[in-house]
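Descriptive structure summary
This is what each chain is made of:
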Amino acid sequence: VDNGLSTTILNEQFTIGTHTVLWEATDIHGNKNTGSYQVLVLDNEKPTASCNPHTISLNSSGTYTLQTSDINIISAGSADPGGIASITVTPDVFGCSDVGNKTVLLTVTDNSGNSATCEATVTVQDVTPPTVLCQDVTVYLDVLGNATVAATSVNNGSTDACGIASYQISKNETDYSTTQVYTCADVGVKFVWLKVTDINGRSAICNTAKVTVIDNISPNAVCNPITVSLGSG
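Residues numbered from 1 in each chain as written. Predicted model: local features only at pLDDT ≥ 70, side-chain atom pairs only at ≥ 80, totals over all residues. Heavy atoms only, no water.

1. Some points on the overall build of the chain
Stated precisely, the cut-off is as follows: Secondary structure elements follow DSSP: runs of H or I of four or more residues count as helices, runs of E of two or more count as strands, with numbering from the N terminus. When checking whether two residues touch, look at their non-hydrogen atoms; a contact exists if any pair is within 4.5 Å. Surface accessibility in these figures is a Shrake-Rupley result with a 1.4 Å probe; residues are shielded only by whichever protein chains are displayed.
Scanning the chain from N- to C-terminus turns up two helices and 15 strands. Residue pairs in contact within the chain that sit at least 24 positions apart in sequence constitute 53% of those at least 6 positions apart. Here the chain has roughly 14300 Å² of accessible surface; of this, 50% comes from carbon and sulfur atoms.

If you want it as structure tokens, here you go:
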């Protein structure tokens, strides 16, 4: 035993993992000896996970794939002193049935396997109107001088990724309904507007269709008997 012994640690900065610590002991006479021991440095601190709300718009196919960068707050942020191994978000794929507010979970995992999470609200919007296709139709007046045209008969295969809610037509581009009635005053070719509305309230109009109204009902001839008197000549 040397009561004049002093000890010095030769290396003091450690990263995560197993390290050999070297030390040196010196007595009052200047005699030295060295030794070592193992130090295991662990990281059991969770990273910081930070989220922000985000609004997305479905594409023309009615889908959207969410990126972690959409909701991860980088500046404020999701971080870890030991480094981040991965950032994931679930769910990350949205469709027509998701229109509205949805909650997603952001998971941040550091290089030591520690994880932290945060929740964010994703507002899903359908901003794409239907693709409207219309066609010309021909109708014939009935015996009362009327003919009804349904909006579906003017439709020529209109589509929407999220689904179509209604078809309507108008004679004047303002008064829309599912059917329009044509009369003797409409005989000839008339323009008609087809309005298609999807399930999320987006509408589009086709204004190139024509309705040809034909009156092919023969008149009803009614005769009365008459009496005539021959003159003297």
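2. Description of the nonpolar core
Test applied: Buried Ala, Val, Leu, Ile, Met, Phe, Trp, Tyr and Cys residues that are joined via side-chain atoms within 4.5 Å together make up what is termed a nonpolar core. Note on exposure labels: buried denotes an accessible area under 20% of the residue type's maximum, exposed denotes more than 50%, and partly exposed covers the range between, all computed with a 1.4 Å probe on protein chains only.
Residues Val149, Val154, Ile169, Val192, Leu194 and Val211 are the most contacted members of the largest nonpolar core, which totals 19 residues. Among the elements of the structure, strand S10 (137-140), strand S11 (146-150), helix H2 (151-154), strand S14 (188-198) and strand S15 (203-214) are those that each provide at least two residues to this core. Broken down by element, the residue count for this core peaks at five residues, all from S15. Beyond its immediate sequence surroundings of up to four residues, Val211 is in contact with Val137, Val139, Val149, Tyr182, Gly188, Val189, Lys190 and Val192. Core analysis: the second largest hydrophobic core is formed by 18 residues, Leu66, Val104, Ala116 and Val124 among them.

3. Details of the state of the cysteines
What counts is decided by this rule: Note on terminology: disulfide denotes any pair of cysteine sulfur atoms within 2.5 Å.
What the rule picks out here adds up to three disulfides. Paired by a disulfide, Cys96 and Cys162 hold their sulfur atoms 2.0 Å apart. Handedness of the Cys96-Cys162 disulfide follows from its S-S torsion of about -80 degrees: it is left-handed. Within this pair, whereas Cys96 is found in the loop between strand S7 (93-95) and strand S8 (100-110), its partner Cys162 is found in the loop between H2 and strand S12 (164-170), the two being separated by 66 residues in sequence. Cys162 matches Cys96 in its accessibility class, with the two residues each being buried. Two residues share a disulfide in this structure: Cys134 and Cys206, whose sulfurs sit 1.9 Å from each other.

4. Remarks on the pairing of S11
It is a general feature of regular strands that their side chains alternate between the two faces of the sheet. To be explicit about the condition: Strands were regarded as paired on the criterion that DSSP finds at least two bridges between them.
Along S11, the buried face is formed by Ala147 and Val149; none of Asn146, Thr148 and Ala150, which line the opposite face, is buried. When S11 meets strand S13 (residues 179-183), the two strands line up antiparallel, connected through five bridges. Paired with Val149 across the strands is Gln180, a residue of S13.

5. Observations concerning the sheet that holds strand S6 (residues 84-90)
Note the cut-off: The convention used is that axes are lines fitted to C-alpha atoms, helices contributing only their stretch in contact, and that angles between N-to-C directions extend from 0 to 180 degrees.
With mixed pairing, the four strands of this open sheet are ordered in space as S4-S9-S8-S6. Each end of this open sheet is capped by a strand with a single partner; those strands are strand S4 (54-57) and S6. Averaged over neighbouring strand pairs, the angle between their axes works out to 30 degrees when direction is ignored. The sheet contact formed by S6 and S8 spans six bridges and is antiparallel. Following the sheet pairing, Thr90 is matched in S8 by Leu105.

6. Observations regarding the packing of aromatic side chains
To keep things clear, this is the line we draw: Only centres within 6.5 Å qualify two rings of Phe, Tyr or Trp (six-membered ring in Trp) as a pair; their planes then separate them into stacked at under 30 degrees, edge-to-face at over 60, and tilted for everything else. In this analysis the charged atom, NZ for Lys or CZ for Arg, is taken to sit over a ring once it is within 6 Å of the ring centre and within 35 degrees of the ring normal.
Taken as a whole, this structure holds zero aromatic pairs when the rule is applied. The positively charged end of Lys171 is found above the aromatic ring belonging to Tyr182, 4.5 Å away from the centroid. Positioned over the ring face of Tyr176 is Lys195, at 5.3 Å from the centre of the ring.

7. Details of a nonpolar patch on the surface
The cut-off we apply is this: To count toward a patch, a residue needs a relative accessible area above 30% and no salt bridge. Like charges then connect within 9 Å, nonpolar side chains (Val, Leu, Ile, Met, Phe, Trp, Tyr) within 5 Å. Salt bridges are defined by distance alone: a side-chain nitrogen of Lys or Arg within 4 Å of a carboxyl oxygen of Asp or Glu.
A contiguous nonpolar patch, built from Val143, Leu144 and Ile217 and spanning about 340 Å² of accessible area, is present on the exposed surface. Following the sequence through the fold, Leu144 ends up in the loop between S10 and S11. A relative accessible area of 70% places Leu144 in the exposed class.

8. Topic: the environment of Thr148
Tracing the chain through its elements places Thr148 in strand S11. Counting along the chain gives 35 residues from Thr148 to Thr183, while the straight-line C-alpha distance between them is 9.0 Å.

9. Here we look at the sheet that holds S14
In spatial order, the strands read S10-S15-S14-S12; together these four strands make up an open sheet with mixed pairing. Either end of the sheet is taken by a strand with one partner, and the two such strands are S10 and S12. Sheet twist, expressed as the mean angle between neighbouring strand axes with direction ignored, is 30 degrees. Judged from the nine bridges that link them, S14 and S15 form a sheet pairing that is antiparallel. If you follow Val192 over to S15, its bridge partner there is Ala209.

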